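Fold and geometry: a report
Here is how the chains run, residue by residue.
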Amino acid sequence: MHRRVGGPPRRRSGAVAQPSIEGDGSIGVADAMRPRSRADRMTIRSSAVTGSGAAPEWKVNGSERSKVAGAWLTLWRSRELIGFFALRDVRVRYKQATLGVLWVLLQPIATVAIFTVVFSRLARIGSEGVPYPLFALVGMVVWSYFSAATVRGSEVLVSNTQLVTKVSFPRIAAPAAAMLPPLVDTAVALALVVVLLFYYGVNPGWQLLAAPVWLLLVVLTSFGTALWLSALNVRYRDVQHAIGPLMQIWLFASPVAYPASLLNGWPAMVYAVNPMAGLLGIARWSVLGTPWPGWPAAISLVTLLTVLGTGLAYFTRAERSFADVI
Amino acid sequence: MDVVQFDAVSKRYTIGQRLNARESLNAAAARLLRGGAPVDGELWSLRDVSFTLGSGQSLGIVGRNGAGKSTILKILAGITAPTSGMSRTRGRVAALLEVGTGFHPELTGRENIYLNGAILGMSRQDIRSRFAQIVDFSGVERFLDTPVKRYSSGMYLRLAFAVAAHLEPDVLVVDEILAVGDAEFQRKCIGRLEEAEEEGRALIFVSHDLETLGTLCPRSLWLECGAVRELGETPNILRSYLASGLPLAPRSTASHAAVAAVRDVRVVADQMDADQMDANPVLMRSDRLRIEVDLEVTDPVPGLDLAITLTTAGGTRVLDELVSDSGAGRLNRGALRATLVVPPLLNVGEFAVGVWLGTSYEEFIDEPAVATFSLHGSDQNRPERVLTLNLPIAVDRRDD
């Protein structure tokens, strides 16, 4: 258990060696009373020092700002931590929910059913040539991921206050890790999409190969938004209350239940400032073979990169004071 | 080779900022000690603190609540940034500011070892290679696949400390972690810290257990209101720190009843007269204590009796001595002084002196805490025991 240091038994003044029952049931002498002498320690210490190779670099904690460019490097270096954080959340989530997978499917199915009645049957909104339930489901799957990941990401620092104030881990790992667990739900929901593709006999074609690309773009959109919201949430808890309504409005401002092609000309361009507008168009093009969204997609990409870039900048600037203000 | 350079570090908290409970309490305490409100809504938690530490050296930090001890550790660990100045560390820094941060109750012991290791900066490979050691140290191998929410608090702490203790950092930063857990656990922790020192790691240690601090750290830093009061050999620092006057209250409220009134209660070391007491109010565990209760009896009821009690901070009544039990004196009319001498058998800690006055039928005064005092010195790593009698235990070979 412990490495014993040799030398003559010597009792600390005033201390009495107390017998204690150790973990293995044997009777031993209390550790703190174990005989040792300063001289023994010194020899061991020097040998340990010589064994430890070249001197590592200085790590500086000063009053100046850290660089934004370093954030990507930090992310890469903390990939294992991100993995463990994500794994923790997935395990905790599914540990005691026996109907886990069913819950994941229930939400998009219910929403799609409502959308089908309201938007397709009552409002007679078009669905770009594919069956409306399939059209809405693809939109809902993408949206559900974005919404879940963004909400999770925005709360992740505040819900881990203990960690932030007591442990020095790369802060950016927390919102980054929050992006991963909702992917499990997305995978399950995508399986449902595949079933419906066969049911309706829709053949997506070669564009399906682009799926990893738009998925990554959706993840990055969530990440950029979560960087902003999580850092703001540390300072202003109002974010927690605002996020629910924000996501509601954002859902209906995005082409989830209706096609973006309802708009034409410059309104379509303005509409595409919402990054989810372009991404939903790309996702449907890839999975359902609907028309390519065109220029609006490019505008959405520009917004996405802006949100991500500014999010990183704000987060790196704010993270220095997280422990002080959280 | 230096592994820590703390160079003119200052840290300011703005009062307007939302502070966590601990921090704002620290702040409040510091304000109280400094006397007066902070200027311009600012609070300097640290002011111009400098020190260096070579590899294999260790430094203890002492100071009252709010002196800035935790802030130093947080800056060292990189949890918070200094307002001015610079903290430089070489190699891996592991900070144990709290045992068990980042444990998740729903996850098993095994899962938590990996998660916590990763949070503390270990790679998966590091953790895997030390897994056996960690499990061995914690002694929870039978429960590795049980969620930690089903662990006893002792097992939980052991596992949490085990992970942190096997980080193998170059600089180990340890805050008051020994305040939790039982004596056995504390001994184990201290043993592990000693091992870390032996392995050539630099140690920065904050504790209110001055005895342990003394054994672990030959050098200490005394912080007062965020500034370095003294930096030097631990025994010297501890002596002046203790002598600087601890917040003990040997006197307190008087109690009145129809028949008698308690005027004053004092706790002093025996062989110490009143002048000395004011100059040096530190009571040591090894002191013979004299508890003096000044009272005035206005109406000598027949059978009037007085009891002096001692209660620990934990609520255990250690002593309850009646005047009539020893037949030492009687409570007549007039100003009286009751003196109880307690031999050095109490452990370190906080104690309350209580006074009871009454007869077999009536109770006039029952004040369990008319005064409090602290005993300092070594608890010999056994904080749980109330009495230190040093009774011998005979260990013989059994022949059966």
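For the structure, check the block above.
A quick note: this is a predicted structure, and the numbers were derived from the prediction, not measured. (Residues numbered from 1 in each chain as written. Chains lettered and ligands numbered in written order. Predicted model: local features only at pLDDT ≥ 70, side-chain atom pairs only at ≥ 80, totals over all residues. Heavy atoms only, no water.)

A word on the overall build of chain B. If you tally the helices and strands in chain B, you get ten helices and 17 strands. Counting every position in chain B, which comprises 400 residues, the buried fraction comes to 54%. Here the contacts in chain B between residues at least 6 apart in sequence split such that 72% fall between residues at least 24 apart. As presented, chain B carries roughly 17,500 Å² of accessible surface, and 49% of it is formed by carbon and sulfur atoms. (Helix = DSSP H or I, 4+ residues; strand = E, 2+ residues; numbered from the N terminus. Buried < 20%, exposed > 50% of the residue type's maximum accessible area, 1.4 Å probe, protein only. Contact = heavy atoms within 4.5 Å. Areas by Shrake-Rupley, 256 points an atom, 1.4 Å probe, with all protein chains shown as cover.)

What holds strands together in a sheet is hydrogen bonding between their backbones, with the strands either parallel or antiparallel. All names here are of chain B. Read from one edge of the open sheet, four strands run β14-β13-β16-β17, paired in antiparallel fashion. The open sheet has two free edges, formed respectively by β14 (317–322) and β17 (363–375), since each of these has just one partner strand. Strand-to-strand twist across the sheet, computed as the mean angle between neighbouring axes with direction ignored, equals 15 degrees. Where strand β13 (residues 305–312) lies against β14, five bridges are found, and the strand directions are antiparallel. Residue pairing for β14: T311 is matched across the bridge by R317. (Pairing = 2+ DSSP bridges. Axes fitted to C-alpha atoms, helices over the stretch in contact; angles between N-to-C directions.)

Now for the packing of helix α3 (residues 79–95) of chain A against helix α8 (residues 181–200) of chain A. The angle between the axes and the distance between the axes are what describe a pair of packed helices. Residue and element names in this part refer to chain A. Two elements in contact, α3 and α8, have axes separated by 8 Å at closest approach and are oriented at 55 degrees. In terms of orientation, α3 and α8 fall into the oblique class. Touching A86, D89, V90, R93 and Y94 of α3 are P181, V184 and D185, all from α8. In terms of residue class, the contact of α3 with α8 is made up of five nonpolar, no polar and three charged. (Parallel < 35°, antiparallel > 145°, perpendicular 65-115°, else oblique. Nonpolar A, V, L, I, M, F, W, Y, C, P; charged D, E, K, R; others polar.)

This part covers the pairing of strand β5 (residues 93–96) of chain B. Residue and element names in this part refer to chain B. Side-chain alternation along β5 places V93 and A95 on one buried face and A94 and L96 on a second face that is also buried. Inspection of the sheet shows β5 paired to strand β6 (residues 171–174) by four bridges, in the parallel sense. By the bridge assignment for β6, A94 is matched with L172.

This part is about a nonpolar patch on the surface. Together, I114(A), V117(A), V118(A) and L122(A) make up an exposed nonpolar region whose accessible area comes to about 380 Å². With respect to the secondary-structure elements, I114(A) resides in helix α4 (residues 100–122). (Patch = residues over 30% accessible without salt bridge, like charges linked within 9 Å, V, L, I, M, F, W, Y side chains within 5 Å. Salt bridge = Lys/Arg side-chain N within 4 Å of Asp/Glu carboxyl O.)

A separate point is the pairing of β13(B). Residues and elements named next belong to chain B. Of all eight residues making up β13, eight are buried, and the element is well covered by its neighbours. Side-chain alternation along β13 places D305, A307, T309 and T311 on one buried face and L306, I308, L310 and T312 on a second face that is also buried. Sheet analysis places β13 next to strand β16 (residues 349–358), joined by eight bridges and oriented antiparallel. Opposite A307, over in β16, you have W356 as the bridge partner.

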